[in-house]
Structures are given as C-alpha cells and as structure tokens.
Amino acid sequence: MSLAACYLGLKAKAYYRGTLELYLNPVGRLHPRPLPDPADGRPVLLLLGDSRLDQWGQPQLSGYQVLNHGISGQTSEQIRERCTRVLEETRPAVAVLQFGVNDLKAIGVFPERAAAITSRCLDNVSQVARQCRAAGARVLLTPVLVRGRLELRRRPVWSQSVDSSIHAVNDGLGALAEREPGIELWDLNALLSSDGKLINAAYQTDALHLNPAAYALLRRNLEDQLAIPALQAAP
C-alpha cells in the first residue's frame, strides 16, 4: 500500500470516528467534565465553548476555581442544549463564553443557508449568555474569533461569506453587551489581531486555533478583566 493510500485511509478513519462520536454523544453528555471541588472554597469560573476554550486547559487564575467545559467541534446549538446542565453542575460566579465558528464555517459548504446559519448562531450565543446571567454569573462574552491565515486544505471549504458572517455575529454580540447589564464584551479579537480581520501569525497554530503564546496572553488579560468591578444589575 502506498504512503498516499495509507494517509487517505487514516484521514477517512478519523472522519468516520468523528461522525460516529457525534451520533453517540450529540451534546457532549458522555464527555468528561470537571465539577467544583467543595473543599476548594473559591468561586467557580466557567469556560464554556468550543475548541478555542477546550484547548486552553485549566488556566490558573487568582481567586478562582477554573472549570473548563469547552468541547472541541461543538456548534452553538450543541452548547445551548447542554448549557442548563452545565450551569446546574458548576454554579459559576463568572462565565467566559467563546463559540460560534463551527456553525459559521459551514457557510463555506452551504452558502445558500448563510443568512439562516448566521441568525441562528447569534440567537444561540445570545441565549446562552442570558442564561448564564440569569443563573447569577458575571458573563464575559467574547466575540467569535476571526480566523488566521488559511491552510491549503481549508481553502476549498472557506469563503468570504464565512468571514462576513463572523463579523455580523460579532456586531450583534457587541450590541447585546451594550444593552444588557451583567453581560460584558471581552474583545479577544482586539488582543490577538492587528487589523480585526486575521489572528496574528504569532498566535495561531492553524487558521482556527491558538498557540500557547496566545493562551498566555489571554490568561494575563483575563486576570486584568476580573480585577475590574463588574457593572451588574440583579439577574
């Protein structure tokens, strides 16, 4: 068997495994999830989202017990579906949200559904933010991260419409944070991108994912965000 055939076989197997995982575990109920340690005593900071948070691991933050409930590959629909259970299990004082790109990247394959996908994504992220706020959490809502430089393998399934939809969702999330007390916009794109269009190459591992230098920057900036008193109204 040639090297090319072996490579294609491994890629096909990985794709098949991912598809079966989605069928068996559509909203992540079987995914291992950290729970609060009652003996810890510190308030919980919840990371809720997709791979951008999942790959952060367990950052050490002063004064908080960090629980990472990011699940790679999940869409906003899946995260909205599991949000109630996650909030009941973790009861966070702070919720950091980052997700939506797994919905919006589908526009490159389904361009005729761009408007519906964009609208549904914005609604899902907004409802999760409101649900976290209603549960008593201070919400740090991050915009959907813009992409980095596209790899060759991703270019056939990407389009300018995906980028436009990311910006449209982010405009809506910014408006949400402006009008709803207790939901704050933590602008990661301003931290990681020089122009608001592309993640700086120094911070990316591929077009959609961050490297350790990016996560180190996020941890430092999150410490600063948490030190600023929240402008909260009663949930």
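That block above? That's the structure.
For every chain, the first residue of the written sequence is number 1, and numbering continues from 1 onward in sequence order. This being a predicted model, a pLDDT of at least 70 is required before a residue's local features are given, and a value of 80 or more before pairs of side-chain atoms are given or counted; all residues contribute to the totals for chains, interfaces and linings. Hydrogens are left out, water is left out, and the side-chain values use all remaining heavy atoms of the structure.

A. A look at the environment of L67. Put simply, DSSP H or I for four residues or longer makes a helix, DSSP E for two residues or longer makes a strand, and each gets a number counted from the N terminus. Mapped onto the elements, L67 comes out in strand β2 (residues 65-70). Distance in space between the C-alpha atoms of L67 and P36 is 7.3 Å, their sequence separation being 31 residues. Throughout, a residue-residue contact means that at least one pair of heavy atoms, one from each residue, lies within 4.5 Å. The residues touching L67, leaving out its near neighbours within four places in the chain, are P34, L35, P36, V44, L45, L46, L47, Q58 and T90.

B. The arrangement of the packing of helix α3 (residues 76-90) against helix α5 (residues 114-134) in detail. Orientation is described by lines fitted to C-alpha atoms, with helices fitted over the stretch in contact, and by angles between N-to-C directions that extend from 0 to 180 degrees. Relative to each other, α3 and α5 sit at 10 degrees, their axes nearing to 9 Å. Between α3 and α5, the interaxial angle falls into the category roughly parallel. Residues S76, E77, I79, R80, C83, T84 and L87 of α3 touch α5, and the partners they reach there are R120, C121, D123, N124, V125, Q127, V128, Q131 and C132. Class assignment for the residues of the contact of α3 with α5 results in 7 nonpolar, 5 polar and 4 charged. Our angle categories are set so that under 35 degrees counts as roughly parallel, over 145 as roughly antiparallel, 65 to 115 as roughly perpendicular, and the remainder as oblique. Ten residues, namely Ala, Val, Leu, Ile, Met, Phe, Trp, Tyr, Cys and Pro, are considered nonpolar, four, namely Asp, Glu, Lys and Arg, are considered charged, and the remaining ones, Gly among them, are considered polar.

C. Quick peek at the packing of α5 against helix α6 (residues 160-179). Close contact between α5 and α6 brings their axes to 10 Å; oriented N to C, the two are set at 30 degrees. In terms of axis orientation, α5 runs roughly parallel to α6. For the pair α5 and α6, the crossing hand works out as right-handed. Residues T118, C121, L122, V125, S126, A129 and R130 of α5 pack against S165, A168, V169, G172, L173, L176 and R179 of α6. Residue composition of the contact of α5 with α6, grouped by class: 8 nonpolar, 4 polar and 2 charged. Left-handed describes a crossing in which the near helix is turned anticlockwise from the far one by less than a right angle; the clockwise case is right-handed.

D. Quick look at the nonpolar core. By nonpolar core we mean a set of buried residues, namely Ala, Val, Leu, Ile, Met, Phe, Trp, Tyr and Cys, connected to one another through side-chain atoms within 4.5 Å. The rule is simple: take the accessible area with a 1.4 Å probe, protein chains only, and divide by the maximum for that residue type; under 20% is buried, over 50% is exposed, in between is partly exposed. In this structure, L45, L48, L97, C132, L141 and L222 are the most contacted members of the largest nonpolar core, which totals 57 residues. The element that contributes the greatest number of residues to this core is α5, accounting for 7 residues. Beyond its immediate stretch of four places on either side in the chain, C132 contacts L48, C83, L87, A95, L97, A137 and V139.

E. Layout of the packing of aromatic side chains. Only rings of Phe, Tyr and Trp enter the pairing, Trp through its six-membered ring, and a pair is recorded when the two centres are within 6.5 Å. The plane angle decides the type: under 30 degrees is stacked, over 60 is edge-to-face, the rest tilted. Applying the stated criterion to the full structure yields 1 aromatic pair. A centroid spacing of 5.8 Å and a plane angle of 25 degrees characterise the contact between W56 and Y215, whose relative ring orientation is stacked. Of the two residues, W56 is situated in the loop between α2 (51-54) and β2 and Y215 in helix α8 (residues 212-227); the sequence distance between them amounts to 159 residues. Y215 gets classed as buried once you look at its relative accessible area, which sits at 8%.

F. Spatial organisation of a nonpolar patch on the surface. On the surface, a cluster of nonpolar side chains totalling about 230 Å² of accessible area is made up of V109, F110 and V157. Mapped onto the elements of the fold, V157 is located in the loop between β4 (138-141) and α6. What makes V157 partly exposed here is its relative accessible area of 39%. Note on patches: the residues involved have over 30% relative accessible area and no salt bridge, like charges join within 9 Å, and the nonpolar side chains Val, Leu, Ile, Met, Phe, Trp and Tyr join within 5 Å. Where accessible areas are quoted, they stem from the Shrake-Rupley method and a 1.4 Å probe; at the residue level, only the protein chains shown are allowed to cover. Between Lys or Arg on one side and Asp or Glu on the other, a salt bridge is scored when a side-chain nitrogen of the former is within 4 Å of a carboxyl oxygen of the latter.

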